[in-house]
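Each chain, written out:
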Amino acid sequence: MEAIRQKILHGERLSADECLTLYRTAPLPELGVMAFAVRERLNGRNVYFNRNVHIEPTNICANHCLFCSYRREEGEEGSWDFSLDDIFAIARRYVGSDITEVHIVGGVHPHKALPFYEGMVGGVRDILPAVHIKAFTAEELWRMAQQAGIAVAEVLTRLRQRGLQSIPGGGAEILSEALRARICPDKLSAEHWLEVHREAHRQGISSNATMLDGHVETSEHRVEHLQRLRSLQDETGGFNAFIPLKYRKAHNRLSEVGEVSATEDLRNMAICRLFLDNIPHLKAYWPMFGKDMAQLALSFGADDMDGTIDSSTQIYAMAGAEDTSPRMTVDELRQMAQASNLVAVERDSLYHAIQHL
Ligand code: V47
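Here the residue numbers are simple positions, counted from 1 along each chain's written sequence. Totals for whole chains, interfaces and linings use all residues, but because this is a predicted model, local features are given only for residues with pLDDT of at least 70 and pairs of side-chain atoms are given and counted only at 80 or more. Excluded from the side-chain calculation are hydrogens and water; included are all heavy atoms of the structure.

J.: Please explain the packing of helix H5 (residues 114-127) against helix H7 (residues 152-162) as it appears in this structure.
T.: When two helices pack together, their arrangement is given by the angle between the helix axes and the distance between those axes. Angles shown run from 0 to 180 degrees and are taken between the N-to-C directions of axes, each axis being a line fitted to C-alpha atoms and, for helices, limited to the stretch in contact. A run of DSSP states H or I qualifies as a helix once it reaches four residues; a run of E qualifies as a strand once it reaches two. Both are numbered from the N-terminal end. Taken N-terminus to C-terminus, the directions of H5 and H7 make an angle of 25°; their axes are 8 Å apart at the nearest point. Our classification of the angle between H5 and H7 gives roughly parallel. Crossing handedness for the pair H5 and H7: right-handed. Along its contact with H5, which presents Leu114, Tyr117, Glu118, Gly119, Val121, Gly122 and Arg125, the element H7 presents Val155, Arg158, Leu159 and Arg162. Looking at the contact of H5 with H7 residue by residue, the class counts come to five nonpolar, two polar and four charged. In this scheme, roughly parallel covers angles under 35 degrees and roughly antiparallel covers those over 145, while 65 to 115 is roughly perpendicular and the rest are oblique. A clockwise turn of the near helix away from the far one marks a right-handed crossing, whereas an anticlockwise turn of less than a right angle marks a left-handed crossing. In what follows, a contact means two residues having at least one pair of non-hydrogen atoms within 4.5 Å. Classification convention: Asp, Glu, Lys, Arg as charged; Ala, Val, Leu, Ile, Met, Phe, Trp, Tyr, Cys, Pro as nonpolar; all other residues, Gly among them, as polar.

J.: Just checking my understanding: could you explain the environment of isoleucine 205 for this structure?
T.: Mapped onto the secondary structure, isoleucine 205 falls in the loop between helix H9 (190-202) and strand S6 (206-213). Along the sequence, isoleucine 205 and arginine 160 sit 45 residues apart, while their C-alpha atoms lie 8.3 Å from each other. Setting aside anything within four residues of it in sequence, one finds isoleucine 205 in contact with Leu156, Arg160, Leu164, Gln165, Ser166, Ile167 and Ala200.

J.: Help me understand the site of the ligand, please; the structure alone is not making it clear to me.
T.: The immediate surroundings of the ligand are formed by 21 residues, with Lys134, Gly171, Glu173, Arg248 and Lys283 found nearest. For this analysis, a polar contact is any N or O atom pair within 3.5 Å, provided that within protein one partner can donate a hydrogen and the other can accept it, and provided that sequence-adjacent residues contribute only side-chain to side-chain pairs. One nitrogen or oxygen atom from the side chain of lysine 134 is found 2.7 Å from an oxygen atom belonging to the ligand. Per-residue and other accessible areas were derived by the Shrake-Rupley procedure at a 1.4 Å probe size, with only the shown protein chains allowed to occlude residues. Contact with the protein chains hides 95% of the accessible area of the ligand, taken as 620 Å² for the molecule alone. Here the term cavity refers to a set of points on a 1 Å grid, laid over the protein atoms alone, in which a 1.4 Å probe fits but cannot get out; the term pocket refers to an open set having protein on both sides within 12 Å along at least five of seven lines, with lining residues being those that place an atom within 4 Å of a point. Cavities and pockets are treated as containing a molecule whenever more than half of the molecule's atoms lie within 2 Å of their grid points. Under a 2 Å grid-point criterion requiring more than half of the atoms, the pocket assigned to the ligand is the largest cavity. Looking at the shell around the ligand, the elements that each hand over two or more residues are S6 and strand S7 (239-246). We call a residue near a molecule or strand as soon as one heavy atom of that residue lies within 4 Å of the molecule or strand.

J.: Would you mind showing me how to read the environment of tyrosine 117 here?
T.: Along the chain, tyrosine 117 falls in helix H5. Throughout, exposure labels follow a simple rule: accessible area from a 1.4 Å probe, protein chains only, divided by the maximum for the residue type, with under 20% read as buried, over 50% as exposed, and the rest as partly exposed. Residue class for tyrosine 117 comes out buried when judged on its relative accessible area of 9%. Sequence-wise, tyrosine 117 and alanine 91 are 26 residues apart; in three dimensions their C-alpha atoms are separated by 15 Å. Leave out the neighbours within four places in its chain, and tyrosine 117 touches His109, Lys112, Phe136, Met144 and Leu159.

J.: Help me understand the pattern of salt bridges in this model?
T.: Where charged atoms from two side chains of opposite charge come close, those side chains can pair. Within this document, salt bridges are pairs made up of a side-chain nitrogen of Lys or Arg and a carboxyl oxygen of Asp or Glu, the two lying within 4 Å of each other. Summed over the entire model, instances satisfying the criterion amount to 30 salt bridges. Of the charged contacts, one joins arginine 158 and glutamate 118 as a salt bridge, the two residues approaching to 3.0 Å between their closest N and O atoms. Of this pair, arginine 158 sits in helix H7 while glutamate 118 sits in helix H5, and the two are 40 residues apart along the sequence. Glutamate 118 sits in the buried class, given a relative accessible area of 10%. The class for arginine 158 is partly exposed, based on a relative accessible area of 27%.

J.: I tried to follow the layout of surface pockets on my own but got confused; where do I start?
T.: The gaps of empty space that remain are located by a probe, the size of a water molecule, rolled over the atoms. Counted as a void, the largest pocket has a volume near 190 Å³. In terms of lining, the largest pocket is formed by 13 residues, of which the most central are His54, Phe82, Ile90, Ser312 and Gln314. Along the lines of polarity and charge, the residues of the lining of the largest pocket split into five nonpolar, five polar and three charged. Grid points are joined across faces, edges and corners, and a volume is the space filled by probe spheres set on the points.

J.: For this particular structure, what's the right way to read H9?
T.: Structurally, the α-helix is built with 3.6 residues per turn, so residues lying three or four positions apart point the same way. Expected helix span is given by 1.5 Å per residue-to-residue step, counting one fewer step than there are residues. Along its 13 residues, H9 runs 18 Å from first to last C-alpha, staying within 8% of the 18 Å computed at 1.5 Å per residue. For H9, the full list of buried residues reads Ala190, Trp193, Leu194, Val196, His197, Glu199, Ala200 and His201. Among the residues trailing H9, glycine 204 stands out with phi positive, at a value near 85°.

J.: In this structure, what is going on with the packing of aromatic side chains? I would like to understand it.
T.: In this description, a pair of aromatic rings is defined by centroid distance and the angle of the planes. Each aromatic pair joins two rings of Phe, Tyr and Trp (for Trp, the six-membered one) with centres within 6.5 Å, and gets the label stacked for planes under 30 degrees apart, edge-to-face for over 60, and tilted for any other angle. Going through the model one piece at a time under the given rule, you end up with five aromatic pairs. Considering the side-chain rings of tyrosine 70 and tryptophan 80, the 5.5 Å spacing of their centres and the 85° angle between planes classify their relative orientation as edge-to-face. Linking tyrosine 70 in the loop between strand S2 (52-55) and helix H4 (84-92) with tryptophan 80 in the loop between S2 and H4, this pair joins segments that are ten residues apart in sequence. You can call tyrosine 70 buried: its relative accessible area is 6%. A centroid spacing of 6.2 Å and a plane angle of 15° characterise the contact between tryptophan 193 and phenylalanine 239, whose relative ring orientation is stacked. Of the two residues, tryptophan 193 sits in helix H9 while phenylalanine 239 sits in strand S7, which places them 46 residues apart along the sequence. An aromatic cluster is defined as three or more aromatic residues linked by ring pairs; in this entry it consists of Phe116, Tyr117 and Phe136. Note on criteria: charge over ring means Lys NZ or Arg CZ within 6 Å of the ring centre, with the direction from the centre no more than 35 degrees off the ring normal. Arginine 230 extends its terminal NZ or CZ atom over the ring of phenylalanine 275, reaching a point 3.7 Å from the ring centre. One cation-aromatic arrangement involves arginine 347 over tyrosine 351; the distance from NZ or CZ to the ring centre is 4.1 Å.

J.: Can you help me understand the pairing of S6 in this one?
T.: Consecutive side chains of a regular strand alternate in pointing toward one face of the sheet and then the other. Across the eight residues of S6, eight count as buried, placing the element largely inside the fold. Strand pairing is assigned whenever DSSP identifies at least 2 bridges connecting the two strands. Bridging between S6 and S7 involves seven bridges; their strand directions are parallel. When the sheet's bridge partners are listed, asparagine 208 is paired in S7 with alanine 241. This β-α-β element, S6 to helix H10 (residues 219-236) to S7, shows right-handed connectivity. A right-handed crossover is one whose linking path, passing over the helix from the first strand to the second, runs clockwise when the strands point away from the viewer.

J.: I keep staring at the pairing of strand S1 (residues 46-50) and nothing clicks. Help me out?
T.: With four of its five residues buried, S1 lies for the most part within the structure. By the bridge criterion, four bridges tie S1 to strand S10 (residues 343-346) in an arrangement that is parallel. Note on S10: the bridge partner recorded for valine 47 is alanine 344. Alignment of S1 against strand S9 (residues 304-307), held across two bridges, turns out to be parallel.

In structure tokens, the structure reads:
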């Protein structure tokens, strides 16, 4: 541990073995102190947030991921499948509002194709011309390419022409082929997930990366995941933020595994901050963690709280998150930062500070 402490102190990179040692043995308080020092070095005392909404076009999904509480079959009770008009009606609600980002992610619909998604992005762009569109996970993009029989590069180019500006971090789960075969057998491979993000970065489209943790994965799996992300970031520099997503157990086929403790969540947050020395931001995604845990995470390496959300996402409520209608006011976000002796900074989707006049 002393050798690791010295490395952190001197801003040196941790090896995969050292990361594993942290997962196996490092106590929470010590991790917290080190991760906070690193977050201060990278982001000062800033706590970033934005004013955002999600649009979830459908929960009908061709995949059968064991951890998913959200997917439904076509026609099944509880399924939804928005038309473009439905989606545009949602977007229109925000005309004249102060949101700066729309985040669009849904299930992999078995019968929708690229022109539908091009129309979606183009329509939302027309309705909200100044709002940043962050849309479609690597999984959705990969499927669009497969369905159209074209390369992912072309999908990205076409969507970018219609207004796509960045891509969210979902679908990464754990970047280990063996584990994916167990928990998300229909999803794109780890290698393909990385390939989609590599191509996005090559085209100047920045992205986020997630890790779905706290289920059947081992510490070795987490280290493999983090290592693969760090390598890609060395290559491209295109990731803005990393987002650990705690596995939530309600209404899915992994429920019997249960959920890991708050201590484990915070240890993981801190270790991610220590190992991922090249991804600038670490997000405490409060609709999944809960507000209290997200606030605590700010003292364990996290510097970003995502945004106001406006009750527009259902993924986590369906998986057992306490907050079934997640929304935060800007005042609430500011108070959460202040109470941690930190400074809330409103940001745009690329982490530039925004000053409202
Ligand atoms: O990929 C699904 C996860 C992800 C469960 O980029 C679950 O800013 C926990 O990626 N328990 C989608 N997690 C959400 C996502 C995301 C969210 C917020 C911000 C950003 C961003 C990205 O949700 C999926 C999967 O890893 N997920 N089911 C569950 N039961």
